[in-house]
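Here is what each chain is made of, one letter per residue.
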Amino acid sequence: MADAPQIPDEAEVRARWGAFAWTAENAEKAKAIIARYPAGRQRSAVMPLLDLAQRQVGAETETQGWLPVPVIEYVAAELDMPFMRAYEVASFYTMYNLAPVGRYHVQVCGTTPCLLRGSDDIMAACKNRGMTKGKTTPDGLFTLTEVECMGTCTNAPMVQINDDNYEDLDYDSMVRILDDLAAGKQPKTGTQNPKRHTSEPEGGPTTLKEMVKANHDYRKEW
């Protein structure tokens, strides 16, 4: 786990986040989230509340956000559940960051389909920009993590950056995406293959061709 992100000193974390509380806007969101669940089942709201808390931390730090222990304690207390139960959730799902990350959290899939389709080139594009797995660049812009399958094998290789997927990548398209993000631009999300709209075959449809043609003609009319 040498490339795992390092959690800051506990005293430092508590000094910074010990007084965490919802913003007025997020307090209303939290109330609405909890109200989705029947009486006595409010603890089921732990996942969306942890996500909301991480996003608030991200907004305050201008990063993707993370979950300091005092923040997890705050969410657990709101749901009247033991801290450890909330921590178990936060430590199980990789959507939650337990250590600080940069403004853009670059998660490169290294599972077999992506590996066979060139994920090493994607990792090389990241490293050539000064990224190291488990670390944040000195400018605080990028954090690089290698992850397991994120369910986009048809469009391998892919990365997830914050909330967005970028698919059908190669070295050059990955460099372009990173350049755009560094310049404050929003790159095109989804497939980077100009021959694809989503995840259809690269050579065009092999079944239901008439339906595809009718749909294409309908779009042209509009």
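Rules and cut-offs
- Residues numbered from 1 in each chain as written.
- Predicted model: local features only at pLDDT ≥ 70, side-chain atom pairs only at ≥ 80, totals over all residues.
- Heavy atoms only, no water.
- UniProt positions renumbered as here; feature names shortened; annotations may be inferred.
- Axes fitted to C-alpha atoms, helices over the stretch in contact; angles between N-to-C directions.
- Helix = DSSP H or I, 4+ residues; strand = E, 2+ residues; numbered from the N terminus.
- Parallel < 35°, antiparallel > 145°, perpendicular 65-115°, else oblique.
- Contact = heavy atoms within 4.5 Å.
- Nonpolar A, V, L, I, M, F, W, Y, C, P; charged D, E, K, R; others polar.
- Buried < 20%, exposed > 50% of the residue type's maximum accessible area, 1.4 Å probe, protein only.
- Left-handed = near helix turned anticlockwise from the far one by under 90°.
- Phe/Tyr/Trp six-rings, centres within 6.5 Å; stacked < 30°, edge-to-face > 60°.
- Expected span 1.5 Å × (residues − 1).
- Pairing = 2+ DSSP bridges.

Naming follows an unreviewed UniProt entry, where the protein appears as NAD(P)H-dependent oxidoreductase subunit E of Sphingopyxis soli. Regarding the protein, the relevant UniProt record gives this comment under Cofactor (unreviewed entry): "[2Fe-2S] cluster".

Quick look at the packing of helix α3 (residues 46-61) against helix α5 (residues 83-92) now. Orientation of α3 relative to α5, taken along the N-to-C sense of each, is 70 degrees, at an axis distance of 10 Å. Taken together, the axes of α3 and α5 are roughly perpendicular relative to one another. In this structure, α3 uses Val46, Met47 and Leu50 to contact α5, whose residues at the interface are Ala86, Val89 and Ala90. Counted by class, the contact of α3 with α5 contains 6 nonpolar, no polar and no charged residues.

Listing the buried residues of helix α4 (residues 69-78) in full gives Pro70, Val71, Ile72, Val75 and Ala76. Check the buried side of α4 and you find it contacts α1 (10-17), α3 and α5. Looking one or two places after α4, you find Asp80, whose phi comes out positive at around 55 degrees.

Here we take up unusual backbone geometry. The omega torsion across Ala156 and Pro157 is -5 degrees, close enough to zero to call that bond cis. Relative to the helices and strands, Pro157 resides in the loop between β2 (142-147) and β3 (159-161). The phi torsion at Asp80 lies on the positive side, around 55 degrees, for a residue other than glycine. The exposure class of Asp80 is exposed, given its relative accessible area of 61%. At Asn162, a residue that is not glycine, the phi angle is positive and equals roughly 55 degrees. Positionally, Asn162 belongs in the loop between β3 and β4 (164-167).

To continue, consider the packing of helix α7 (residues 119-127) against helix α8 (residues 171-182). Direction vectors running N to C along α7 and α8 enclose 35 degrees, while the axes themselves pass 8 Å from each other. Crossing angle aside, the handedness with which α7 passes α8 is right-handed. Residues Asp121, Ile122, Ala124, Ala125 and Cys126 of α7 pack against Tyr171, Met174, Val175 and Leu178 of α8. Taken together, the residues of the contact of α7 with α8 break down into 8 nonpolar, no polar and 1 charged.

Moving on to the packing of aromatic side chains. The tally for this structure, following the rule as stated, stands at 6 aromatic pairs. Judged by centre distance (5.7 Å) and plane angle (80 degrees), the rings of Trp22 and Tyr74 are edge-to-face. With Trp22 in the loop between α1 and α2 (24-34) and Tyr74 in helix α4, this pair connects stretches of sequence that are 52 residues apart. Assessed through its relative accessible area of 25%, Tyr74 is described here as partly exposed. Between Phe83 and Tyr87, the ring centres sit 5.6 Å apart and the planes meet at 35 degrees, which makes this aromatic pair tilted. In this pair, Phe83 and Tyr87 both sit in helix α5, 4 residues apart, roughly one turn of the helix.

As a further point, take α3. For α3, spanning 16 residues, the distance from its first C-alpha to its last is 22 Å, which sits close to the expected 22 Å at 1.5 Å a residue. By the burial criterion, the buried members of α3 are Val46, Leu49, Leu50, Asp51, Leu52, Ala53, Gln54, Gln56, Val57 and Gly58. At its buried positions, α3 is contacted by α1, α2, α4 and α5. Glu62, located one to two residues past α3, shows a positive phi value of around 55 degrees.

Taken in spatial order, the 5 strands make up an open sheet running β2-β1-β3-β4-β5, and their pairing is mixed. Every other strand in the sheet has two partners, leaving β2 and β5 (190-191) as the edge strands with one partner each. Two strands pair when backbone bridges link them, and strand β1 (residues 104-109) and β3 are joined in this way by 3 bridges, in the antiparallel orientation. Its bridge partner lying in β3, Val108 is registered against Val159. Across the face of the sheet, α7 comes into contact with β1, β2 and β3 while running at roughly 155 degrees to β1. Docked against the sheet, α8 engages β1, β2, β3 and β4, running at close to 0 degrees with respect to β3.

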